[in-house]
Amino acid sequence: MEDMIFYDRMQFAFTITFHYLFPQLTMGLSLMIVYFKWKFLRSKIEKYNDAAKFWMKIFALNFAMGVVTGIPMEFQFGTNWAKFSELTGGIIGQTLAMEGMFSFFLESSFLGLFLFGEKLLGQKLHFLTGFLVFLGSWASGYLIIATHSWMQFPVGYEILENGKFVLNNFGALFSNPWLMPAYLHNQLASVITSSFVVAAIGAFYLLNNKHSDFGKLFVKTGVIFGLISSVLVAFPTGDWVAKNVAKHQPVAFAAMEGIFETETGGSEIVLIGQPDMENKKLDNKIAVPNVLSFLTYQNWEAEIKGLNEFDESLYPTNVPGLYYSYHIMVGLGTLFIGLMAIAALQLYRKKLYKSKWILWSILFMLPFPYIANTTGWYTAELGRQPWLVYNLLKTSEGISPTVSSGNTLFTLLGFIGLYLLLGLLFLMLAGKIINKGPETSNH
Amino acid sequence: MELFWYIVLMIMLTVYIILDGYDFGAGIVHLFFAKEEKDKKAITNAIGPFWDANEVWLIAVGGVLFFAFPTLYASSFSGFYLPLIMILWLLIFRAIGLELRGQVHNKMWEAIWDKAFGISSLLLALFFGIALGNVVRGVNLGMVTDGVSTVEAHYFFLPLWNPTFSPTAEHLGIIDWFTVLLGLVAVVALTIHGANWIIFKTNSGLNQKLRKVVFRLNFVLLALVIISLSVWHNIEPNPFHNFMEYPWFWIFPILTFTGLLGLFKVKSFKKEGIGFLFSSLFLFGGLTTTVASIFPKVLPSTNTVNPSLTIQNVAAHEYGLTVGVYWFVIAAVLVAVYMFIQYRVFSGKMDDVGYGEH
């Protein structure tokens, strides 16, 4: 039984982690492509259209990876989490079915037109198809976060005698207080990923002295989008999400922040330290007094319950994992704001394209938004454990009753092998497109 | 309300099989009949802008199944665990075969992805046929041994095969001679269907040859259908009971045979889309006849201890199903509009789309 839960969780964690590397770029990049296309329509400067076309190639490759790794996500609810699907399908099936019907059809129908239809459609309609692809991908994010929010903070349901969750208020799924903060936070985080990718490719061209015109455009656009999104992801949206956790999942909040003791007169914010679960304390701690109380309740002395106040059976399953995920996300987020602020300042002083160390920093920063996005999701998901539906349905109660651990391990190994191949192919082909660079149209 | 969603689900499933079916068929044709580069190009151009949207129908079918019939979704997806995961892997290979081939100009690279596309299409057709065979044959719900359920009454798990390969054995497997027979029907039917699509959407030099292929394969298909019908009593002693009870169900087999027999005239069709219409008719009729024969069951039980899964005992709660109708109708209208636009823009012959060229 333990093995079954472990392999089921590993398979879901592995496949969703790998999958989400792609949609986070898809969502952010579709916005930036629409921006380039819009600039082209307004200014008629070909460079913007060429930039849009270049990013469309990366987008298409990335989108294909997102699609092929996305289908297993929907199937796994049934294959590996049958009991969960049976009990909650009447509710989360709504939002997941809506995702298929409203966003995937929109995205996939218009992506073909966007990729192959520029000549057939003319520029304005071509812009429109790009916009619809953007809309589809953001609608998909919305419906997934709606599903996620219901699991974190269940609303609009009743539980029947046989344990089944049934919907009694459709509107509640979308007015869930968890939904909007989490959605905006997540979408901004995906814009950060695309901003850093665009800026990093631009920096790569500038440092290589090739495609310099595009290099400048990419760095500039990436830095502006990057600065705005990194600030907004922390404040106000990150703040809203954290306040929701503090209010509705206080034990997860204490674990995230690494607070073991309830401090009278206000809680400190932990910057660094290692949770020692055996002795219930934080080793090698560096912390700033009272700041957490202020950030959470705008009151320097507000009380925040430490982990030691709760019974151990209520703890999130993996407290150190949750703590590290959260701190990595927040630490990287802070770094993003710092780097983008300096870059934006240099851009304003017209020195950015010449300051090699900033360009190198931007280039090196490329993988980190992916890590921040991933650890952000880990924070949300590990914080919810051991629950699938918070406080109502345990993860151990959700797995498929008849799928043995050996079969799950077999498919997990298969997914690992297949996804390693996919990852290699993606890097190789993306590298090829980037190395070749944007093509200039001769008009 | 269950009946409404059952009909919706079956319509969506049929649409999926007709649409992605021509992609699978095109893959099989690509594997066996396309020797020259320009023929291969013609085939990938004919499905290039569509296959992704076609595959979305599968996701949508899964989503509606999840939402409207959660118990069936949970039971069948966990019970058919291995083949479903393998279908996912094959779908990945099909997709990357199509999408990555044109990215590098190198003979070896192209050959690898051609094979990936072709072989995964072939296996997908086979697997979907086998899946249909499993649904009509039924499973040991509750995994009854010695008259006692070992798991909850609506759960089960099937290995890929058991040594007897028999659909009537005590211990069933997913692959037995009956399900493989339906798998072969699916492979042949989809090959014909894919060939018809290529004839319809391209001016390829392959088209004349493909008409002959369709004509010959149609004899094979007819033979396989007759064999399947003649052995059907092995899995269902009284296969016609639903057709006696609801005589209008006869429309489904009539459509099947109209499609099948119509295709024998493939060589003389003036309009190139006619063949595709007939094979679509066959697929529509074949699928609906099969599910109609077990209606209202959706997954029969092979033991006497646990009842079969029916549309009533697997459906979600009334409120959710009712509220779902509102958004579903809006979404369905939108999907129809998207499809209209998509097929309108890419109407006519597709030889010059330049699919996969970046």
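Chain B is annotated in an unreviewed UniProt entry as Cytochrome d ubiquinol oxidase subunit II of Aureibaculum flavum. Under the UniProt heading Subcellular location (unreviewed entry), the note attached to chain B is "Cell membrane". The Sequence similarities (unreviewed entry) field of the UniProt record for chain B holds the comment "Belongs to the cytochrome ubiquinol oxidase subunit 2 family."

Taking an unreviewed UniProt entry as the reference, chain A is identified by name as Cytochrome ubiquinol oxidase subunit I belonging to Aureibaculum flavum. Regarding chain A, the UniProt comment filed under Subcellular location (unreviewed entry) reads as follows: "Cell membrane". Looking at the Sequence similarities (unreviewed entry) heading of the UniProt record, one finds this comment for chain A: "Belongs to the cytochrome ubiquinol oxidase subunit 1 family."

K.L.:
Mind laying out the interface of chain B and chain A, listing which residues take part and the relevant values?
P.N.:
Interfaces are often described in size by the accessible area the parts lose on coming together. Counting residues at the interface gives 68 residues for chain B, matched by 68 residues for chain A. Each partner contributes to the roughly 6,000 Å² buried at the junction of chain B and chain A, and carbon and sulfur atoms together form 79% of this total. The largest contributions to the chain B side of the interface with chain A come from Phe66(B), Tyr81(B) and Trp327(B), which together make up 12% of the buried area. Lys83(A) is the partner of Glu152(B) in a salt bridge, and the nearest nitrogen-oxygen pair spans 2.5 Å. Joining chain B to chain A, the criterion identifies 15 residue pairs in polar contact (both at pLDDT 80 or more). The set of elements that each furnish at least two residues to the side of chain B that touches chain A consists of α3 (51–68), α4 (70–79), α5 (81–100), α6 (107–137) and α13 (318–345) of chain B. Tallied by class, residues from the side of chain B that touches chain A come to 51 nonpolar, 13 polar and 4 charged.

K.L.:
Can you explain unusual backbone geometry? Please cite residues and give values.
P.N.:
Omega for the bond connecting Gln385(A) with Pro386(A) falls within 30 degrees of zero, at 5 degrees, which places this linkage in the cis form. Assignment of secondary structure puts Pro386(A) in the loop between α14 (368–384) and β5 (387–389). For the bond running from Phe295(B) to Pro296(B), omega is 0 degrees, close enough to zero to count as cis. Position of Pro296(B) relative to the elements: it lies in the loop between α11 (274–294) and β1 (297–299). For Lys280(A), which is not glycine, the phi torsion reads 55 degrees and is therefore positive. When you line up the elements, Lys280(A) lands in the loop between β3 (269–276) and β4 (281–288). The exposure class assigned to Lys280(A) is partly exposed, which follows from its relative accessible area of 24%. Residue Lys350(A) is not a glycine yet carries a positive backbone phi of 60 degrees. Structurally, Lys350(A) is set in the loop between α12 (319–348) and α13 (356–364).

K.L.:
Can you tell me about the side chain of Asn49(A), naming the residues and giving the values?
P.N.:
All names here are of chain A. By the element assignment, Asn49 lies in helix α3 (residues 46–79). Take Asn49: its relative accessible area is 2%, and that puts it in the buried class. Here Glu118 takes part through its side chain, which lies 3.2 Å from a polar atom of the side chain of Asn49. Apart from the residues within four sequence positions on either side, Asn49 is in contact with Lys37, Phe40, Glu118 and Gln123.

K.L.:
Quick rundown of the pattern of salt bridges? Include the residues and the values.
P.N.:
Counted under the stated rule, the structure contains 20 salt bridges over all chains. Close ionic contact of Glu312(A) with Lys280(A) constitutes a salt bridge, the shortest N to O distance being 2.9 Å. In this pair, Glu312(A) sits in the loop between α11 (291–297) and α12 while Lys280(A) sits in the loop between β3 and β4, placing the two residues 32 residues apart along the sequence. In this structure, Asp114(B) and Lys40(B) form a salt bridge, with 3.2 Å as the shortest nitrogen-oxygen distance. Placement of the pair is Asp114(B) in helix α6 and Lys40(B) in helix α2 (residues 37–47), with a sequence separation of 74 residues. The class for Asp114(B) is buried, based on a relative accessible area of 7%. Salt bridges sharing common partners tie together Glu37(B), Lys40(B), Arg101(B) and Asp114(B).

K.L.:
An account of a nonpolar patch on the surface is needed here, citing residue identities and associated values.
P.N.:
Together, Val329(B), Val333(B), Val337(B), Phe340(B) and Ile341(B) make up an exposed nonpolar region whose accessible area comes to about 430 Å². Within the secondary structure, Ile341(B) sits in helix α13.

K.L.:
Residues and numbers for the environment of Ala255(A), please.
P.N.:
Residue and element names in this part refer to chain A. Along the chain, Ala255 turns up in helix α10 (residues 250–257). When its relative accessible area of 1% is taken as the criterion, Ala255 is described as buried. Between the C-alpha atom of Ala255 and that of Ala146, which follows or precedes it by 109 residues, the distance is 24 Å. Among all residues touching Ala255, those that are not within four sequence positions of it are Leu307, Pro316, Val319, Leu322 and Tyr323.

K.L.:
Describe the nonpolar core, and please don't skip the residues or the numbers.
P.N.:
If you look at the biggest cluster of nonpolar residues, it comprises 245 residues, and the most contacted ones within it are Trp55(A), Phe218(A) and Phe69(B). Apart from the residues within four sequence positions on either side, Phe69(B) is in contact with Glu2(B), Trp5(B), Tyr6(B), Leu9(B), Val64(B), Ile311(B), Val314(B) and Ala315(B). Formed by 25 residues, the second largest nonpolar core is a distinct cluster that contains Ala343(A), Ala344(A), Ile358(A) and Ala372(A).

K.L.:
Got a sec to walk through the pairing of β4(A)? Specific residues and values, please.
P.N.:
Pairing between β3(A) and β4(A): 6 bridges, direction antiparallel. Considered in β4(A), the bridge of Ile269(A) is made with Val288(A).

K.L.:
Describe the packing of α3(A) against α3(B), naming the residues involved and giving the relevant values.
P.N.:
One way to put it is that α3(A) packs onto α3(B) with a least axis distance of 10 Å and a crossing angle of 20 degrees. Judged on the interaxial angle alone, α3(B) and α3(A) are roughly parallel. Once α3(A) is placed against α3(B), the crossing between them reads as left-handed. Where α3(A) approaches α3(B), its residues Phe63(A), Val67(A), Ile71(A), Glu74(A), Phe75(A) and Phe77(A) are matched on the opposing element by Asp52(B), Glu55(B), Leu58(B), Ile59(B), Gly62(B), Gly63(B) and Phe66(B). Partitioned by chemical class, the residues of the contact of α3(A) with α3(B) number 8 nonpolar, 2 polar and 3 charged.

K.L.:
Describe in detail α13(A), supporting the description with residues and values.
P.N.:
Residues and elements named next belong to chain A. Looking at α13, one finds that the buried residues are Ile358, Leu359 and Ile362. Taken end-on, α13 shows its buried residues confined to a sector of 100 degrees, consistent with a single buried face. In α13, those exposed residues whose orientation departs by more than 90 degrees from the buried face are Lys356, Trp357 and Phe364. In this fold, the buried residues of α13 make contact with α8 (179–208), α9 (212–248) and α12.

Rules used throughout
- Residues numbered from 1 in each chain as written.
- Chains lettered and ligands numbered in written order.
- Predicted model: local features only at pLDDT ≥ 70, side-chain atom pairs only at ≥ 80, totals over all residues.
- Heavy atoms only, no water.
- UniProt positions renumbered as here; feature names shortened; annotations may be inferred.
- Contact = heavy atoms within 4.5 Å.
- Buried area = accessible area lost by both parts, 1.4 Å probe.
- Salt bridge = Lys/Arg side-chain N within 4 Å of Asp/Glu carboxyl O.
- Polar contact = N/O pair within 3.5 Å; in protein donor to acceptor, adjacent residues only side chain to side chain.
- Helix = DSSP H or I, 4+ residues; strand = E, 2+ residues; numbered from the N terminus.
- Nonpolar A, V, L, I, M, F, W, Y, C, P; charged D, E, K, R; others polar.
- Buried < 20%, exposed > 50% of the residue type's maximum accessible area, 1.4 Å probe, protein only.
- Patch = residues over 30% accessible without salt bridge, like charges linked within 9 Å, V, L, I, M, F, W, Y side chains within 5 Å.
- Areas by Shrake-Rupley, 256 points an atom, 1.4 Å probe, with all protein chains shown as cover.
- Core = buried A, V, L, I, M, F, W, Y, C linked by side-chain atoms within 4.5 Å.
- Pairing = 2+ DSSP bridges.
- Axes fitted to C-alpha atoms, helices over the stretch in contact; angles between N-to-C directions.
- Parallel < 35°, antiparallel > 145°, perpendicular 65-115°, else oblique.
- Left-handed = near helix turned anticlockwise from the far one by under 90°.
- Arc of directions from axis to C-beta.

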